[in-house]
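Notes for the structure review
Single-letter residue listing:
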Amino acid sequence: FQPPPLPRALTSPWPVIVVITGGWLITTLLAFTVEALAPWRPVSLAGLGVGVLGTSIFLWQRHSARRGDRGA
């Protein structure tokens, strides 16, 4: 017995990437506009940086896998 495939909405990484990136963008904007949140500035910038790095690695690996590279 083969279970049915998951819907595309549950297997696509883009909704997760967009929501989390949006959260870090909002956090960064608030950290730089609300003085009480100034201690969050390095954390929010680090969150954005890690998100950009992770998304770049994900896209690079997916591109390599689709191209047929063996190490992808």
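Up top is the structure.
As the structure is a computational prediction, the values presented were derived from the model and not from experiment.

**Considering the environment of Leu 30**
By secondary structure assignment, the location of Leu 30 is in helix α2 (residues 14-33). Distance in space between the C-alpha atoms of Leu 30 and Arg 41 is 8.9 Å, their sequence separation being 11 residues.

**Thoughts on the pattern of salt bridges**
A side chain with one charge can pair with a side chain of the opposite charge if their charged atoms come near. The tally for this structure, following the rule as stated, stands at two salt bridges. Residue Glu 35 is joined to Arg 41 by a salt bridge in which the shortest nitrogen-to-oxygen separation is 3.9 Å. Exposure remark for Glu 35: the relative accessible area of 60% places this residue in the exposed category. Given a relative accessible area of 24%, Arg 41 falls into the partly exposed group.

Cut-offs and rules
Residues numbered from 1 in each chain as written. Predicted model: local features only at pLDDT ≥ 70, side-chain atom pairs only at ≥ 80, totals over all residues. Heavy atoms only, no water. Helix = DSSP H or I, 4+ residues; strand = E, 2+ residues; numbered from the N terminus. Salt bridge = Lys/Arg side-chain N within 4 Å of Asp/Glu carboxyl O. Buried < 20%, exposed > 50% of the residue type's maximum accessible area, 1.4 Å probe, protein only.

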